[in-house]
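# Structural description and commentary
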Amino acid sequence: MPQLAGRFQTLPEYPLATIPQRKRALVERGVDVIDLGAGDADLGPPAAALDALSTAARVPAMSRYGFGLGLVAFREAVAAWMGKRFGLRFDPLTEIVPLIGSKEGIAHVAFAYLEPGRVAIVPEPGYNAYQGGALLASAEPYRYTLRPRRNFLVDVDEIPFDVWDRARVLYLNYPNNPTAAVAPLDYLQRVVARCREHDVLLVYDNAYSEFAYDGYVPPSIFEIDGAREVAIEFHSLSKTYNMTGWRCGWAVAKPEICSVLAKVKSFTDTGQFMAVQAAAVAALGVYDEFVPRNVAEFKRRRDVAVEAFRTAGFRCDVPRATMYVWLALPQDVPSAMFAERLLEDEGVVVMPGSAFGTGGEGFIRVSFVTSPERIAQAAQRAGRVLTSMAVEVP
Ligand SMILES: Cc1ncc(COP(=O)(O)O)c(C=O)c1O
């Protein structure tokens, strides 16, 4: 058996990797499964995207390699959208990198900046691609625990000076998965200033920029003065347009940063299917009709989720953004054990906080990705497990 590389062996199990198989086995046993695990809604993409895909797929040129350039119309549509949404100008050819989903870009950018001896500051709980990128680049993740008393923000003053000294990358994600926290502008100003001081690349993951409620409008990191010097921002069609499986997103940054990510990608992929890029152009084109209605549906689901899980005995804040409720468990109830019991006894998939790093212990993440009725049912089932475990674990 060929020996595995040391860096491979540093990778933990990927939390969502085995859920589809587990679900299938339960369904085969006749269990009525409610899946509130992945951030993957049961709603459809815009009709305009479906039409554009089927038209584009019939054009032979679309079946050829996209290469790094991809469909220029996609780059132009992204630049126009960044202008309309955030009032920011980016050059379509040099300041945008089309991605096969934002995850690959988030992980791949690490190869350009990280190496042995260097540090990536990784918030925990957090999206697993951050530590994945750092570990695959043989760098050292510095795991910073996000805490409720800090509003789940990375307090840059708490990170030791020697870590800043060795750091090359800081991953940041607001609106945040899994905690649903949002970041005030003055906080982002402090982060940008610190990254500039230490020459650290700020990888700003904005996958949930369009998923906000109650009048809150998430910013782009580039609304902060000086951010263009040090930041790269990641966007995705996945959540905004219910297009997770289509694998389409983009990175935006100054040309010097975009070009290094593009170079890494030129050795690992040959571009997204151009018909998908054509569909993305159509999706961005129907933003005004599609996105507010979609968000309104998620708000309905959020309100039911908060109400139902609170009634079932859980504590949580009302999320101002994302598709997640971050539920506190009673002390001494381990999140993995709770999630396992909920799945096995009641057929409900949720993510244990520990799946997002040890900093997530004490919580579970519920994705409000299905109908309000099913969410309410899931909450009742979760309440039963909570009651039985609270008795067992004093
Ligand atoms: C915080 C965060 N970033 C990025 C992504 C990746 O999205 P995609 O690769 O589908 O664009 C996700 C998906 O769950 C996420 O939660």
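Values in this document were obtained by computation on a predicted structure and should not be read as measured data.

On to unusual backbone geometry, then. Keep in mind that most residues, glycine aside, have a negative phi and that most peptide bonds are trans. In this model, Tyr174 is joined to Pro175 through a cis peptide bond whose omega is -5°. Take Pro175: it is sitting in the loop between strand E5 (167–172) and helix H8 (185–198). At Ala180, a position not held by glycine, the phi torsion is positive, near 70°. By the element assignment, Ala180 lies in the loop between E5 and H8. For Ala180, a relative accessible area of 8% translates into the label buried.

Within the open sheet, the seven strands sit side by side as E2-E8-E7-E6-E5-E3-E4. Their pairing is mixed. Edge positions in the open sheet fall to strand E2 (96–99) and strand E4 (140–145), since each of these has one partner strand only. When strand polarity is set aside, the average angle formed by the axes of neighbouring strands in this sheet is 20°. Alignment of strand E3 (residues 119–124) against E5, held across three bridges, turns out to be parallel. Counterpart to Ala120 in the pairing with E5 is Val169. Strands E2, strand E7 (231–236) and strand E8 (249–253) of the sheet are contacted by helix H4 (residues 72–86), whose axis makes an angle of about 65° with E8. Contacting E2, strand E6 (201–205), E7 and E8, helix H10 (residues 255–266) crosses the sheet at an angle of about 30° to E2.

Turning our eyes to something else, we now look at the pattern of salt bridges. Here the idea is simple: oppositely charged side chains can pair when their charged atoms come close. In this structure the tally under the stated criterion is 29 salt bridges. With a closest N to O distance of 2.7 Å, Lys23 and Asp35 form a salt bridge. Residue Lys23 is found in helix H2 (residues 19–28), and its partner Asp35 is found in strand E1 (residues 34–35); the two are separated by 12 residues along the sequence. Connected through salt bridges with shared partners, the residues Arg22, Arg29, Glu340 and Glu344 form a single ionic network.

Here we take up the pairing of E6. With five of its five residues buried, E6 lies for the most part within the structure. As judged from the four bridges shared by E5 and E6, these two strands associate in the parallel manner. Paired with Leu172 across the two strands is Tyr204, which belongs to E6. In this view, the connection linking E5 to its parallel neighbour E6 by way of H8 has right-handed handedness. One ladder, built from four bridges, connects E6 with E7; its direction is parallel. Its bridge partner lying in E7, Asp205 is registered against Phe234.

The rules behind the values
Residues numbered from 1 in each chain as written. Predicted model: local features only at pLDDT ≥ 70, side-chain atom pairs only at ≥ 80, totals over all residues. Heavy atoms only, no water. Helix = DSSP H or I, 4+ residues; strand = E, 2+ residues; numbered from the N terminus. Buried < 20%, exposed > 50% of the residue type's maximum accessible area, 1.4 Å probe, protein only. Pairing = 2+ DSSP bridges. Axes fitted to C-alpha atoms, helices over the stretch in contact; angles between N-to-C directions. Contact = heavy atoms within 4.5 Å. Salt bridge = Lys/Arg side-chain N within 4 Å of Asp/Glu carboxyl O. Right-handed = clockwise from strand over helix to strand, strands pointing away.

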